[in-house]
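This is what each chain is made of:
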Amino acid sequence: MMNITFHSSGRVFHLQGCGFSYISMILPNGQLGQLYFGAPLADRDGFEHMLVAAHRDMAPCPFEGNGDFSMEDIKQEYPVNGNGDLRNVACVIETPDGARNADFRYVSHEIHSGKPKLAGLPATYVEHDDEAETLAITLQDDLLRLQLILSYTIYRDLPVITRNVQFINDGNSSVILQRALSTNLDLPDANWDMTEFTGAWGRERHPQTFRIHIGVQEIYSLRGHSSHQFNPFLVLKRPHTDEFQGEAIGTALVYSGNFLGSVEVDNYHVTRLMMGIHPQGLAWTLAPGEAFQTPEAITVYTCDGLNALSQALHTLLRTRLARGYWRDRPRPILLNSWESTYMQFDEAKLLPIASKAHELGIDLFVLDDGWFGHRDNATSSLGDWVADRRKLPDGIEGLASKINALGMQFGLWFEPEMISKDSHLYRAHPDWMIRVPGREPLQGRNQYVLDLSKTDVVNYLFEAMSAILSSGKVSYVKWDMNRSITDVFSQGRPREFQGELLHRQILGMYALYERLTSTFPKVLFESCASGGARFDPGMLYYAPQGWVSDDTDAVERVKIQFGTSYAYPISSMGSHVSAVPNHQLMRVTPLKTRADVAYFGTFGYELDVNAMPDDEQRQVRDQIAFMKAHRELIDTGTFWRLISPFEESEVGLQQGSEAAWMVVSADRRHALVGYYRMIMPLNEGYRLLKLAGLDPTATYRVHDTQFPLPASQFTYGGDELMAHGFDISDTGFGPFTTDMYQGDYLSRLFEIDAV
Ligand code: GLA
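Residues numbered from 1 in each chain as written. Predicted model: local features only at pLDDT ≥ 70, side-chain atom pairs only at ≥ 80, totals over all residues. Heavy atoms only, no water.

**Points about the overall build of the chain**
Piece 1. A count of helical and extended segments in the chain gives 13 helices and 39 strands.
Piece 2. Relative to a compact globule of 755 residues, whose C-alpha radius of gyration would be 27 Å, the chain shows 27 Å and is just as compact.
Piece 3. Over its C-alpha atoms, taken along the principal directions, the chain stretches across nearly 85 × 70 × 40 Å.
Piece 4. Residues counted as buried form 63% of the 755 residues belonging to the chain.
Piece 5. Taking all contacts inside the chain whose residues are at least 6 apart in sequence as the whole, residues at least 24 apart take part in 69%.
Piece 6. A total of about 27,000 Å² of accessible surface is found on the chain, and carbon and sulfur atoms cover 51% of it.
Piece 7. For the chain, the separation between the mean place of its 65 positive charges and that of its 94 negative charges on side chains is 4 Å. (Helix = DSSP H or I, 4+ residues; strand = E, 2+ residues; numbered from the N terminus. Rg over C-alpha atoms; globule rule 2.2 N^0.38 Å. Buried < 20%, exposed > 50% of the residue type's maximum accessible area, 1.4 Å probe, protein only. Contact = heavy atoms within 4.5 Å. Areas by Shrake-Rupley, 256 points an atom, 1.4 Å probe, with all protein chains shown as cover. Lys, Arg positive; Asp, Glu negative; His and termini not counted. Charge placed at Lys NZ, Arg CZ, Asp CG, Glu CD.)

Okay, structure coming up:
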């Protein structure tokens, strides 16, 4: 279903999406009111009675003699400062006289098929116009001659509504945008739990759920990147909603810089969900004739639980946000040098690793940090993107040729947005660093941030990176970003510019990505920011995969990948098998467990394969063959979360003791199930693992990929596997047991095939 109707009698817009209705109206004062967002409603005239307004003491009212109509308690599409709405609003504009009032009234609207591009910003797209319909409503503040265009797109096949806002200054004087969020949703009640995805370095995107309350609850970043601390994505769900049933709304921002996600419950229990660029520090001067485009916000609606919500986002992000040559292609299995050599390497050390990796079936060798300038540690050389001939006598091209000659692709690490003080670049262009003149800039990891609001800087980076990529021998780039942005000031720029810098920095980064990805369309880009500090929808538009976390421990990775899966498709999650003891935690987990976790991602290795004993090398060879055989299922199948590592499990095991997930092929004939048992209990009750997403009428075989258990002899109905499950009991008893699965940090991987 996909239909947008305007009912002129009641001046009502009805967006009938795939599985939801969204209804708004032109209010008596010309502004836009929000009426409904929820389960699908049949279209008809007469929804305007959904507008509720009542007399509230002290509420400011626009109509003399009518105390019943106030923006203070009316649900709105895009609340603006100065209209009597005294809650947090979506937009604050300072006018030339210093006032902070605006009054946008309906002028016109357009409904058309397809979805226009957003200038300079990443956004979801369509391949054919019949995939989506767009409503663009133009409002105007007559005094300022400032236009506001609210755009909404609904997709034919996905329960999604995307929104963005454009400001156009048609007047004669400048205004300053101090707050210009991308979306606002006013929901009529407050009976919601909120889930945010929070963490820190090494433990990104752990879900945290709480009951919302009167007042404001926020997620945000003020770090100049979307951050480890919060992801630009939040979920509101009904208290009884779980993974498999119930109503939920998820909103994500397609943006990689400072953001705000705010959920405010007002004193009449209206829940206002807003998301957009964080207003702190923003002061964007919009001169006559200029336009300002907000990032896009994506909102998903479901009545069918959190898995359904995630699945809709996965499809949208994987097929209509990610782009380019690699979007639908099987990604290469890579070996990244970081945890095997760190910065202490030379060609003689790298080539044997690459050679063994190739022998085991790895497609791509990635050289991480340390190859340029004279970078032996993190104190120097960022900005000098020229090979260090001490380590690589024949340069990058020479090394890449040798790797290519082995039959492997070659990939390279860059951190384009950064500069070291100890670099030729800094000595030549000290003014390219973001810093406040007269103050000692803060450093992070001994490095500083380049000012990408300057075209010269973007041009320099494009040239420096192109010089390496144009050899044609580098087929992958890991694009890192390892410090937050502080000392926000663009040297040599006027006062008015400074409040624009952080957003212009992101626009500059996007412009550089756009130029590089379009000039080198076959190069695969993977984004990274000290692990997953910039794992957001904006990056997916340029880089179809991202490094999820620097924490490569299998136990921790289950949690991080599980949390990340609420919004992001597993095909976008960079996941590697690393050495034990693990370099972050010193934990020792079996090689099988490490691979069983990494399979549910892009898959690769981050260790010295030559340091592995022969039997482990054989296992690696088998793992690679397994991944190649299952890659299509993993990349394109439907992902289901089954058992959360963040909750006490159904059989009473403490939180984090076990977890499970699965991926099911589009035709539902094949599935792969990962079950992770972190802590082994002794002599527990019987254990059944219930599956999801199968064809209830089909018959399946269940095959444990490690041990052909008796279970493999049976066949099961799809309905049975989903309603009852299959037996995975393992009771323990040490040396006396016949169980093959004993100990902690174990995993089981099941192939489910229709017979
Ligand atoms: C960051 C990345 C790592 C690695 C190092 C190199 O921490 O997340 O994967 O590339 O930088 O310095």
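Back to the text.
**Thoughts on the pattern of salt bridges**
Piece 1. Under the defined criterion, the tally for this structure stands at 43 salt bridges.
Piece 2. One salt bridge connects arginine 272 with aspartate 85, and the closest N-O pair in it is separated by 2.9 Å. A residue pair is termed long-range when its members are at least 10 positions apart, and arginine 272 in strand E17 (residues 271–277) and aspartate 85 in the loop between strand E4 (32–38) and strand E5 (91–94) qualify at 187 residues. With respect to burial, arginine 272 and aspartate 85 carry one shared label: buried.
Piece 3. Note that arginine 587 is salt-bridged to aspartate 553, the shortest N-O span being 2.6 Å. On the criterion of sequence distance, the pair formed by arginine 587 in the loop between strand E30 (576–578) and helix H11 (591–598) and aspartate 553 in the loop between strand E28 (545–547) and helix H10 (554–564) is long-range, its members being 34 residues apart.
Piece 4. Members of the salt-bridge network, linked through shared partners, are Asp85, Arg87, Asp186, Asp266 and Arg272. (Salt bridge = Lys/Arg side-chain N within 4 Å of Asp/Glu carboxyl O.)

**Description of the sheet that holds strand E3 (residues 20–26)**
Piece 1. As summarised here, the arrangement of the four strands in space is E1-E2-E3-E4, forming an open sheet in which the pairing is antiparallel. Single-partner strands in this sheet number two, and they are strand E1 (3–7) and E4. Taken pair by pair, the neighbouring strands of this sheet meet at an average axis angle of 15°, ignoring direction.
Piece 2. Note: E3 against E4, six bridges, orientation antiparallel. When the sheet's bridge partners are listed, serine 24 is paired in E4 with glutamine 34. (Pairing = 2+ DSSP bridges. Axes fitted to C-alpha atoms, helices over the stretch in contact; angles between N-to-C directions.)

**Quick look at helix H6 (residues 455–469)**
Piece 1. For H6, spanning 15 residues, the distance from its first C-alpha to its last is 21 Å, which sits close to the expected 21 Å at 1.5 Å a residue.
Piece 2. Every buried residue of H6 is accounted for by Val457, Val458, Leu461, Phe462, Ala464, Met465, Ser466, Ile468 and Leu469.
Piece 3. Each element contacted by the buried residues of H6 is listed here: helix H4 (395–406), strand E23 (409–414), strand E26 (476–479), helix H8 (501–519) and strand E27 (524–527). (Expected span 1.5 Å × (residues − 1).)

**Topic: the site of the ligand**
Piece 1. The local shell around the ligand holds 13 residues, among which Asp368, Asp369, Arg445, Lys478 and Asp550 are the closest.
Piece 2. In this structure, lysine 478 approaches the ligand through a side-chain N or O atom, which is 2.7 Å from an oxygen atom.
Piece 3. At 2.8 Å, a backbone N or O of glycine 531 approaches an oxygen atom of the ligand.
Piece 4. When the ligand is considered free in solution it has 300 Å² of accessible area, and contact with the protein chains removes 97% of it.
Piece 5. Residues of the shell around the ligand, tallied by class, amount to four nonpolar, three polar and six charged. (Near = heavy atom within 4 Å. Polar contact = N/O pair within 3.5 Å; in protein donor to acceptor, adjacent residues only side chain to side chain. Nonpolar A, V, L, I, M, F, W, Y, C, P; charged D, E, K, R; others polar.)

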